[in-house]
Amino acid sequence: MAITSYPFDAQVVTETQYSQMFREFQDSGVVASFGSSSGFQVTAGTGMNVNVSAGLAFLRGFMVQSTATEVLAIPSASTSVRVDRVVLRLDPSLNSIVLAVKQGAAGSTTPPALTQTDTGVFEIGLASVTVGANVTSITSADIALTRTFVGHRVGVWDTGTRPASPRFGMLGFNADTDRWEYWNDTEWTPLISNVDWANLSGKPATFPPSTHTHKWADITDAPSSLPPTAHTHDWSQVTGKPTSYPPTTHGHAWSEITGTPATYPPSSHTHSWSSITSKPSTFPPSSHSHSSYLEAGDTIAWANGTKRVHADSVSGSGTYYAVWVQGDGTFARNTSSRRFKQNIRDIDIDPEAVLSLRPRLYDRLPKEEGGEYLRDEFGLIAEEVAEHLPEIVQYDEEGRVDALRYDLLGVALLSVVQDQAERIERLEQLVRDMSR
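Since we're looking at a predicted model, the values are computed, not measured.

Draft legend 1. Layout of the overall build of the protein chain. Of the regular secondary structure elements, the protein chain holds four helices and 20 strands. Expressed as a percentage of the 436 residues in the protein chain, the buried residues total 21%. Taking all contacts inside the protein chain whose residues are at least 6 apart in sequence as the whole, residues at least 24 apart take part in 45%. When the accessible area of the protein chain is evaluated, it comes to approximately 32000 Å², of which 53% is carbon and sulfur surface.

Structure follows, in structure tokens:
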């Protein structure tokens, strides 16, 4: 039969059916006011014992009642701390609800989990008990109450028929006052208090709830010298004005005007050297020459890679270097001393690979679209060189073939010269042997 109804006269009603019915009336928990000293309260006893006060409780629709203080023994301490739990345990198979101690795991500060099944064993916690290593007694500080209390049915009453023995937190609707009220463990208190001007917080202290006016002295943030009638202001009372701006006809020096184009003068004029910003620190405003040289890390815009004029000679005591240009435009001197190298080893360059390189004639693309081509330039094609002599090929950040290290081509040619020298020496030796 799919539909069951109960309880009725001359009908057998099982404990499972009663449990299902009563758990809808009341949640599981202790029947007492919240925080009450009664209702299965756990306190320290003597030695390793704890005391559990008398009480009444619901567990999944079943009720348990204790009329006297019960003494429970906490298992002996181990060599490390643990947390035990005092519980009320419902076991329908034994037709009983009993007090019990669930022992925690040694070395853990987490109490053991509650067993809460829908038809079998069901537990509610009363307290957690911390058992220190090798202790022989339980103190009040070791006990943490974890009782849950049953809920309260919402009632409707008037002032004369309120519950005689309400529990803390009981809620109801008072028909006399037309308000919801609750028991705060001392008196019945409106759930939402009446609000009037006397108990309104955050109001101005001098603001009445009726039509009114304000004296000038009552207004905050008003200028101290500003009367509430037509008036004027002294120049000294105006804030945010330029310090050198008088209240009469006047002019401004060009240097005082902000936001002007950097190269737009108001008329023909000159500038003193000291008034020019962002100038080179060693660049004087008169005829001069340069004595400083390009250093590693400098970047310049001249395509020939030097700050020296074309007529300068390289004689003298100075040191001169070939220049490398990094991908970011940074100049660096080309050094060759052992001091700047490590892991030095021989390299075998195939002379045939060098001899396979093909000089080519080409037109170089213009810098900008529509620009003029550089005609009849000759050199090598990097992709063709990569097939024979990849050691001198340069790649860009995206891994594409980009340039050649022409300065290394002469080094590679040494292998050709050395190979030819060996061939000539062998031929000369062969001729000498044949002439004997």
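Next, the rest of the story.
Draft legend 2. Inspection of the pattern of salt bridges at higher detail. Under the counting rule described, the total for this entry stands at twelve salt bridges. Here lysine 102 ties to glutamate 123 by a salt bridge, and the two come within 3.0 Å at their closest N and O atoms. Within this pair, whereas lysine 102 is found in strand β8 (residues 96–102), its partner glutamate 123 is found in strand β9 (residues 122–131), the two being separated by 21 residues in sequence. Comparing lysine 102 with glutamate 123, the two get one shared label, buried. A salt bridge links glutamate 398 to arginine 400; the shortest N-O distance between them is 3.6 Å. Since its relative accessible area comes to 63%, glutamate 398 is described here as exposed.

Draft legend 3. Summary view of the environment of serine 137. Note that serine 137 resides in the loop between β9 and β10 (143–145). Residue serine 137 is classed as partly exposed on the basis of its relative accessible area, which comes to 35%. With 89 residues separating them along the chain, serine 137 and methionine 48 place their C-alpha atoms 4.5 Å apart. If we skip the residues at most four places from it in the chain, serine 137 touches Gly47, Met48 and Asp142.

Draft legend 4. How the structure looks around the side chain of serine 66. Checked against the element boundaries, serine 66 lands in strand β5 (residues 62–66). A relative accessible area of 12% places serine 66 in the buried class. Here the side chain of serine 66 touches alanine 68 through a polar contact of 3.0 Å, landing on its backbone oxygen. Excluding its chain neighbours within four sequence positions, the residues that come into contact with serine 66 are Phe40, Ala54 and Gly55.

Draft legend 5. Region of interest: the packing of aromatic side chains. For the structure shown, the criterion picks out three aromatic pairs. For the ring pair phenylalanine 173 and tryptophan 180, a centre distance of 5.4 Å and an interplane angle of 70 degrees mean the geometry is edge-to-face.

Draft legend 6. Inspection of a nonpolar patch on the surface at higher detail. Together, Val154, Trp180, Leu191 and Ile192 make up an exposed nonpolar region whose accessible area comes to about 430 Å². Mapped onto the elements, isoleucine 192 comes out in the loop between β14 (188–190) and β15 (323–325). Residue classification places isoleucine 192 among the exposed positions, given a relative accessible area of 65%.

Draft legend 7. View of the sheet that holds β5. Pairing is antiparallel across the open sheet formed by three strands, whose spatial order is β1-β4-β5. The open sheet has two edge strands with one neighbour each: β1 (29–30) and β5.

Draft legend 8. Here's a closer look at the sheet that holds strand β13 (residues 179–183). An order of β11-β12-β13-β14 is seen for the four strands of this open sheet, with the pairing classed as mixed. Every interior strand has two partners, whereas the edge strands, β11 (155–157) and β14, have only one. Sheet twist, expressed as the average angle between the axes of neighbouring strands with direction ignored, equals 35 degrees. Sheet topology note: the strand β12 (residues 171–174)/β13 ladder contains four bridges and is antiparallel.

Draft legend 9. Expanded view of the environment of serine 415. Positionally, serine 415 belongs in helix α4 (residues 406–435). Remark: the alpha-carbon pair of serine 415 and isoleucine 349, spanning 66 residues in sequence, is separated by 6.2 Å. Apart from the residues within four sequence positions on either side, serine 415 is in contact with Ile349, Pro351 and Val354. Engagement of the side chain of serine 415 in a polar contact is seen with the backbone oxygen of alanine 412, the distance being 2.7 Å.

Draft legend 10. Examining the nonpolar core more closely. By size, the foremost hydrophobic cluster in this structure holds 26 residues, and its most contacted members are Leu59 and Leu88. Counting only elements with at least two residues in this core, the list comes to β3 (49–52), β4 (55–59), β5, β7 (82–91) and β9. Per element, the largest residue contribution to this core is six residues, and it comes from β9. Among the nonpolar cores identified, the runner-up in size contains twelve residues, and Leu357, Leu389, Val393 and Val416 belong to it.

Draft legend 11. Layout of the confidence of the model for the protein chain. Chain-level pLDDT for the protein chain is 81 on average; 82% of the residues reach the 70-or-more range. Contacts of residues 283–311 to residues separated by more than four positions or lying in other chains number 32 contacts, the stretch itself having pLDDT below 50.

Draft legend 12. Here's a closer look at α4. In this model, α4 (30 residues) spans 44 Å end to end at C-alpha, consistent with the 44 Å of a helix rising 1.5 Å per residue. Here α4 has its buried residues at Leu409, Ala412, Ser415 and Val416. Buried residues in α4 make contact with α2 (351–355).

Draft legend 13. Quick peek at the pairing of β9. Counted residue by residue, β9 has nine buried out of ten residues, so it is predominantly covered. Relative to β10, β9 is paired through three bridges, and the arrangement is antiparallel. Directly across from valine 129, in β10, lies its bridge partner isoleucine 143.

Draft legend 14. Quick peek at unusual backbone geometry. Cis geometry marks the peptide bond from tyrosine 6 to proline 7; its omega dihedral reads -10 degrees. Secondary-structure assignment places proline 7 in the segment before α1 (15–25). Of note in this structure, aspartate 376 is not a glycine but carries a positive phi near 50 degrees. The exposed category is assigned to aspartate 376, whose relative accessible area is 55%.

Rules used in this analysis
- Residues numbered from 1 in each chain as written.
- Predicted model: local features only at pLDDT ≥ 70, side-chain atom pairs only at ≥ 80, totals over all residues.
- Heavy atoms only, no water.
- Helix = DSSP H or I, 4+ residues; strand = E, 2+ residues; numbered from the N terminus.
- Buried < 20%, exposed > 50% of the residue type's maximum accessible area, 1.4 Å probe, protein only.
- Contact = heavy atoms within 4.5 Å.
- Areas by Shrake-Rupley, 256 points an atom, 1.4 Å probe, with all protein chains shown as cover.
- Salt bridge = Lys/Arg side-chain N within 4 Å of Asp/Glu carboxyl O.
- Polar contact = N/O pair within 3.5 Å; in protein donor to acceptor, adjacent residues only side chain to side chain.
- Phe/Tyr/Trp six-rings, centres within 6.5 Å; stacked < 30°, edge-to-face > 60°.
- Patch = residues over 30% accessible without salt bridge, like charges linked within 9 Å, V, L, I, M, F, W, Y side chains within 5 Å.
- Pairing = 2+ DSSP bridges.
- Axes fitted to C-alpha atoms, helices over the stretch in contact; angles between N-to-C directions.
- Core = buried A, V, L, I, M, F, W, Y, C linked by side-chain atoms within 4.5 Å.
- pLDDT = per-residue confidence, 0-100.
- Expected span 1.5 Å × (residues − 1).

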